[in-house]
Amino acid sequence: MAAAAGDVCGAAPGSRAGAAAAVAAEARFISSAKGKGLFATKNIRKGETVFVERPVVSSQFLWNALYNYRACDHCLRALETAEENAQRLLGNSSLVLPHPEQCSIRKDLHQQCPRCQVTYCSAECKQAALEQYHQVLCLGPSRDDPTHPLNKLQEAWRNMHYPPETSSIMLMARMVATVKQAKDKEWWIKAFSQFCNKTANEEEEIVHKLLGDKFKGQLELLRLLFTEALYDEHLSRWFTPEGFRSLFALVGTNGQGIGTSSLSQWVHACDALDLPMLQREELDAFIDQLYKDIEKESGEFLNCEGSGLYVLQSCCNHSCIPNAETSFPENNFLLHLTALEDIEAGEEICISYLDCCQRERSRHSRNKILRENYLFTCSCPKCLAQADDADVTSDEEEEGEGETDDAELEDEMTDV
């Protein structure tokens, strides 16, 4: 599968959204040890969008939704206005944002499922969800019934996987529901099979990482609840102990974190305003203070967050000196891959699974994080150049690693 620069890829059967003219990147098999990688099929300039990709399936995190981070149930677009977003995060209902016209939220377009009342940002998203998976997952009048199998499954997941969230059992549920609803079931099964698989030992490590020491033994409970809620004969293997573990590991390994925010969109729009110098300084000072106040009140949890499976993005390998990065500038699940450097045709396109601060740590520290979270040791040019460095970390790194790695990596769960 390949994508054209600027085109939206990742279309379902019958959709024209995946059509490509000038192909910019394609997935290629590298080796049995490394798996697949993403390679440029033409010269790409720094700052160019390599591709825009929609997920095969996506879902908002359950705790995120429970704490009133209101997002479209299909594309995760934030449903609050920027002002409402800021008011909630600050706990201040009287806050007024300047330049409200820079908020792009269209509440007049919002629609709800008439049976279960989940909300969508548009009629298009409502229809897309209904056609792909919502007929199976719609709770109807049982939305608030704690004994409904789907509600039992979600409650069990919330009790095992606390914030900062890195995955969701509902991503797996939507995979099953998609196949159950599909006319061409084999197309979807093949689409999901494109994502990398792990060995049994690696799968155990991923389960341990996602559930932690306290809950790693409860995978069987999740499987039984998952089976009660969603069993389908076409996918019987996914419901066996081995198949469910593999499915769980697939989502944990390949799920890309998604973050959307109407407030962030408003800030970017305000940054682009052509204002007199004094007004610009006042607006910048207001925004800086706003973020400081929000951080005191709500911490780092600012966005509507979820995860999705992206075919092309999942092929991007890690480098400590990445030549591309992912982002969600459209305030929905559309993933943009943007070149950080000029990339020549035939060159591998790599992203970083580490944040900026982590990439500045020693080779030993970087690989400690990568081994613990992604089960591999990096051999990028930077790591190879530092191969003779001592395998030690500074006191500062040691103090921070144990406390912050999970939070920093909450939106970085990607294919290794």
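In every chain, residue numbers begin from 1 and rise along the written sequence. Given that this is a predicted model, residues contribute local features only at a pLDDT of at least 70 and side-chain atom pairs are listed and counted only at 80 or more, while totals for whole chains, interfaces and linings are drawn from all residues. Excluding hydrogens and water, the side-chain figures rest on all heavy atoms present in the structure.

## Some points on the overall build of the chain
Then, in step 1: Across its full length, the chain carries 15 helices and 14 strands.
Then, in step 2: Note on exposure labels: buried denotes an accessible area under 20% of the residue type's maximum, exposed denotes more than 50%, and partly exposed covers the range between, all computed with a 1.4 Å probe on protein chains only. Each of the 416 residues in the chain was classed as buried or not, and the buried ones make up 49%.
Then, in step 3: Considering only contacts in the chain between residues 6 or more positions apart, those separated by 24 or more positions represent 71%.
Then, in step 4: Accessible surface is estimated by sampling points in the Shrake-Rupley manner with a 1.4 Å probe; for residues, cover comes only from the protein chains shown. Total accessible area on the chain stands at roughly 19,600 Å², and carbon and sulfur atoms take up 49% of it. Strands here mean DSSP runs of E at least two residues long; helices mean DSSP runs of H or I at least four residues long; both are numbered from the N terminus. Every residue pair with non-hydrogen atoms within 4.5 Å of one another is taken to be in contact.

## Topic: helix α4 (residues 149-158)
Then, in step 1: The buried count for α4 comes to 7 of 10 residues, which makes it a mostly enclosed element.
Then, in step 2: Those residues of α4 that fall on the buried side of the exposure criterion are L150, N151, L153, Q154, A156, W157 and R158.
Then, in step 3: Looking at the packing, one finds that the buried side of α4 touches α1 (62-66), α3 (123-137), α5 (169-181), α7 (200-215), α8 (219-230) and α9 (241-254).

## Structural notes on helix α2 (residues 82-90)
Then, in step 1: Regarding α2, the residues found buried are A82, N85, A86, Q87, L89 and L90.
Then, in step 2: Close packing links the buried residues of α2 with α10 (262-271) and α11 (277-298).
Then, in step 3: G91 occupies a position one or two residues after α2 and carries a positive phi of about 70 degrees.

## Thoughts on the environment of P329
Then, in step 1: Summarising the element assignment, P329 is placed in the loop between β12 (324-327) and β13 (335-339).
Then, in step 2: Spatially, the C-alpha atom of P329 lies 9.6 Å from that of G259, the residues being 70 residues apart in sequence.

## A closer look at the nonpolar core
Then, in step 1: Definition of nonpolar core: a set of buried residues of the types Ala, Val, Leu, Ile, Met, Phe, Trp, Tyr and Cys, connected through side-chain atoms within 4.5 Å. Residues F226 and I349 are the most contacted members of the largest nonpolar core, which totals 90 residues.
Then, in step 2: Residue contributions to this core peak at 9 residues, all from α5.
Then, in step 3: Among residues more than four places away in sequence, those in contact with I349 are A25, L38, F39, A40, I44, V50, C316, N317, N323, A324, L337 and I343.

## A word on the packing of aromatic side chains
Then, in step 1: Planes of paired rings set the category: under 30 degrees apart is stacked, over 60 is edge-to-face and the rest tilted, where pairs are Phe, Tyr or Trp rings (Trp by its six-membered ring) whose centres lie within 6.5 Å. Summed over the entire model, instances satisfying the criterion amount to 13 aromatic pairs.
Then, in step 2: Three or more aromatic residues joined by ring pairs make a cluster, and in this case those are W157, F226, Y231, F239, F244 and F248.
Then, in step 3: Geometry around Y69 places R88 over its ring, the cationic atom sitting 4.3 Å from the centre. The rule is short: NZ of Lys or CZ of Arg within 6 Å of the ring centre and within 35 degrees of the ring normal puts a charge over the ring.

## Brief notes about the pattern of salt bridges
Then, in step 1: By definition here, a salt bridge exists when the distance from a side-chain nitrogen of Lys or Arg to a carboxyl oxygen of Asp or Glu is within 4 Å. A complete count under the given rule lists 13 salt bridges for this structure.
Then, in step 2: A salt bridge links K152 to E228, with the shortest nitrogen-to-oxygen separation between them at 3.3 Å. Taken as a pair, K152 in helix α4 and E228 in helix α8 lie far apart in primary sequence, 76 residues in all.
Then, in step 3: Owing to a relative accessible area of 29%, K152 belongs among the partly exposed residues under this scheme.
Then, in step 4: Exposure remark for E228: the relative accessible area of 45% places this residue in the partly exposed category.
Then, in step 5: For E204, the salt bridge is made with R245, and the minimal N-O distance between the two is 3.3 Å. Here R245 lies in helix α9 and E204 lies in helix α7, a separation of 41 residues in the sequence.
Then, in step 6: With a relative accessible area of 43%, E204 lands in the partly exposed category.
Then, in step 7: Under the relative-accessibility criterion, R245 is labelled buried at 17%.

## Looking at the sheet that holds strand β6 (residues 57-60)
Then, in step 1: Strand pairing requires that DSSP identify at least two bridges connecting the strands. Pairing is antiparallel in the open sheet, where 3 strands are placed in the order β6-β10-β9. Each end of this open sheet is capped by a strand with a single partner; those strands are β6 and β9 (256-260). On average, each strand axis in the sheet is tilted by 30 degrees relative to the strand beside it, whichever way the strands run.
Then, in step 2: The sheet contact formed by β6 and strand β10 (residues 304-309) spans 4 bridges and is antiparallel. When the sheet's bridge partners are listed, S58 is paired in β10 with G308.
Then, in step 3: Only C-alpha atoms enter the line fits that serve as axes; for helices the fit covers just the stretch in contact. Angles between N-to-C directions range over 0 to 180 degrees. Against the sheet, α5 engages β6 and β10, with an angle of about 140 degrees to β6.

## Digging into the side chain of S261
Then, in step 1: Relative to the helices and strands, S261 is located in the loop between β9 and α10.
Then, in step 2: Here S261 falls in the buried class, since its relative accessible area comes to 9%.
Then, in step 3: Reaching out from S261, the side chain makes a polar contact with the side chain of N85 at a distance of 3.5 Å.
Then, in step 4: In contact with S261, other than residues within four places in its own chain, are A78, N85, N303 and N331. Polar contact criterion, stated in full: a pair of N or O atoms within 3.5 Å, where within protein one must be able to donate a hydrogen and the other to accept it, and residues adjacent in sequence count only if both atoms are side-chain atoms.

## Here we look at the packing of α10 against α11
Then, in step 1: Taken N-terminus to C-terminus, the directions of α10 and α11 make an angle of 160 degrees; their axes are 11 Å apart at the nearest point. As summarised for this structure, α10 and α11 are arranged roughly antiparallel, according to the angle between their axes. Seen from above, α10 lies across α11 with left-handed handedness. Side by side, α10 and α11 meet where L263, S264, W266, V267, C270 and D271 of the first sit next to R280, L283, D284, F286, I287, L290, Y291 and I294 of the second.
Then, in step 2: Residue composition of the contact of α10 with α11, grouped by class: 10 nonpolar, 1 polar and 3 charged. Between 65 and 115 degrees an angle is taken as roughly perpendicular, under 35 as roughly parallel, over 145 as roughly antiparallel, and anywhere else as oblique. By convention, the crossing between two helices is left-handed when the near helix turns anticlockwise from the far helix through less than a right angle, and right-handed when the turn is clockwise. Basically, the charged four are Asp, Glu, Lys and Arg, the nonpolar ten are Ala, Val, Leu, Ile, Met, Phe, Trp, Tyr, Cys and Pro, and anything else, Gly included, counts as polar.

## Regarding the packing of α3 against α5
Then, in step 1: Viewed as axis vectors pointing N to C, α3 and α5 meet at an angle of 105 degrees, and their least axial separation amounts to 8 Å. Looking at the two axes, α3 sits roughly perpendicular to α5. Judged by residue contacts, L130, E131, Q132, Y133, H134, Q135, V136 and L137 of α3 engage M170, A173, R174, A177, T178, K180 and Q181 from α5.
Then, in step 2: Residues of the contact of α3 with α5, tallied by class, amount to 7 nonpolar, 5 polar and 3 charged.

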